[in-house]
Amino acid sequence: MAETARYDALLAAGELDQARREAEAALKRDASDLAARVALARLAAFDGNEAQAESWLAGVSAEEPDVQLVRAALLTRRGDAAGALALYRKVAKARPQKAEAWFGQGYLLAEQGDNAGARTALEQAVKLSPGTAIHHFHLGRVLFAQENLKDGFHHLQESLRLNPRHGPSYLVLAVALQAGGELGAAEELLTTGIKALDGDPYLLNALCNVQLARGNLSGAVATAETLARVEPDAPAAQANLARLRLAQGRLTDALELCRKLASRGQATSQSRMVEGMALEAIEPVDIPAALTAWREAMKLDPDDWAPANNLGNLLMRIPEDELPGAGQQALEVLEEAHRRAPERPEPQLNLALVSARLGDKQRATQMAQSLLKLERLDPEWREQAERLIKALAS
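Residues numbered from 1 in each chain as written. Predicted model: local features only at pLDDT ≥ 70, side-chain atom pairs only at ≥ 80, totals over all residues. Heavy atoms only, no water.

1. Focus on the side chain of Glu187
Along the chain, the position of Glu187 falls in helix H12 (residues 183-196). The residues contacting Glu187, other than those within four sequence positions of it, are Leu207, Val210, Gln211, Arg214 and Asn216. (Helix = DSSP H or I, 4+ residues; strand = E, 2+ residues; numbered from the N terminus. Contact = heavy atoms within 4.5 Å.)

Written out as structure tokens, the structure reads:
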């Protein structure tokens, strides 16, 4: 396959349309051009069109390394990691200069958590094809997982230099910068990526979070508004804007956004939580509606402890003469919050408080004492637990 190197170069550079045009033109000149057929099969695999990929490979020897690479990619898409890894290794053994064979191994090993093996394979892929951005990107991720930050930064920066329009590189590099406390650098990087990618929603969302971490509420709101315009039908984008409207104190606007989502059947756990907080803050407080919002938030995310904890907090504040059984209901939802996040101090302290309210001093004391045994307990929680234990003992 004399033209394979040309197609490899185009695909490595991300020039998919150019590779497709050249392969299709080559087939018009010579219907038996195997390199062109394999290139089109690879492109079909990239597109997720397995049937088309297989049709391009019809009649081509299954032992041809480039064919095996396409089949390995298809197996990866189907979730057959073992089969794909075996093929990649077979090609790497037969044709050790095939960078794609090493990259495929590295990608799959990283997915399996074998960072050492992934690093070895990806370093070989980078060595063989240093101009391929995606190789640097995945090697950078593996190096970060191994806490080799310096080399990880280098490869992610190289990934962006080679392909300035690769959104995931911006995201991973921004996360790394945040972890290192470089919030300003993370914001600058994401702003650059948003310009390069014409308002990519993932980068906008990341930028909004960085701006919040920097205490720049007005900037975060402006970014959230842009994201909501870019994705008007995305519930997460609208819920995020509602959350920031709440932070601004624009309670009615936040509530309106949440109710629009609910009316379209697109409510999220976050939007329901924002709704609950807004309903508790707007006078007069609509207790029944707030309780409903918190319960819906619990249902929409069965793993998040916060909705159950906040529902329990609200129930604890309701007098029994206004809602008979409020204390018992609070106990039940706080037990659920504690089940969802046994390491969190908030549900545990609230369980102690509601147990005390219900007259179960023994359990209240046990919960407060258990809270004091948590590692790295913040002083505020320690103080409250100790104060409760002292009050229960008197």
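2. Focus on the packing of helix H6 (residues 81-94) against helix H7 (residues 99-111)
Describing two packed helices takes the angle between their axes plus the distance from one axis to the other. Relative orientation of the contacting elements H6 and H7 amounts to 150 degrees, with a least axis distance of 8 Å. As judged from the angle between their axes, H6 and H7 are roughly antiparallel. For the pair H6 and H7, the sense of crossing is left-handed. On H7, the residues touching Ala81, Ala84, Leu85, Tyr88, Arg89, Val91 and Ala92 of H6 are Glu100, Ala101, Trp102, Gly104, Gln105, Leu108 and Leu109. Taken together, the residues that form the contact of H6 with H7 break down as ten nonpolar, two polar and two charged. (Axes fitted to C-alpha atoms, helices over the stretch in contact; angles between N-to-C directions. Parallel < 35°, antiparallel > 145°, perpendicular 65-115°, else oblique. Left-handed = near helix turned anticlockwise from the far one by under 90°. Nonpolar A, V, L, I, M, F, W, Y, C, P; charged D, E, K, R; others polar.)

3. Notes on the side chain of Ser269
Among the structural elements, Ser269 can be located in helix H17 (residues 269-281). Contact partners of Ser269, with chain neighbours within four places excluded, come to Ala297, Leu300, Asp301 and Pro307.

4. Topic: the nonpolar core
In this structure, Leu311, Leu315 and Val354 are the most contacted members of the largest nonpolar core, which totals 52 residues. By residue number, the principal contributor to this core is helix H19 (residues 305-317), which donates seven residues. Membership of the second largest hydrophobic core comes to 22 residues, among which are Ala174, Leu204, Val210 and Ala237. (Core = buried A, V, L, I, M, F, W, Y, C linked by side-chain atoms within 4.5 Å. Buried < 20%, exposed > 50% of the residue type's maximum accessible area, 1.4 Å probe, protein only.)

5. Here's the deal with unusual backbone geometry
A cis amide bond links Glu283 to the next residue, Pro284, at an omega of -5 degrees. In this structure, Pro284 sits in the loop between H17 and helix H18 (287-300). The phi dihedral of Glu147 falls on the positive side, at around 65 degrees, and the residue is not glycine. Backbone geometry places Arg376, a non-glycine residue, at a positive phi of 55 degrees. By the secondary structure assignment, Arg376 is in the loop between helix H22 (361-372) and helix H23 (379-393). For Arg376, a relative accessible area of 75% puts it in the exposed group.

6. So, helix H14 (residues 217-230)
The end-to-end C-alpha separation of H14 is 20 Å, in line with the 20 Å expected for 14 residues at 1.5 Å each. Where H14 is concerned, the buried positions are Gly219, Ala220, Val221, Thr223, Ala224, Leu227 and Ala228. Where H14 is buried, its residues contact helix H13 (201-213) and helix H15 (235-248). (Expected span 1.5 Å × (residues − 1).)

Remember that the coordinates give geometry; whether it matters functionally is a separate question.
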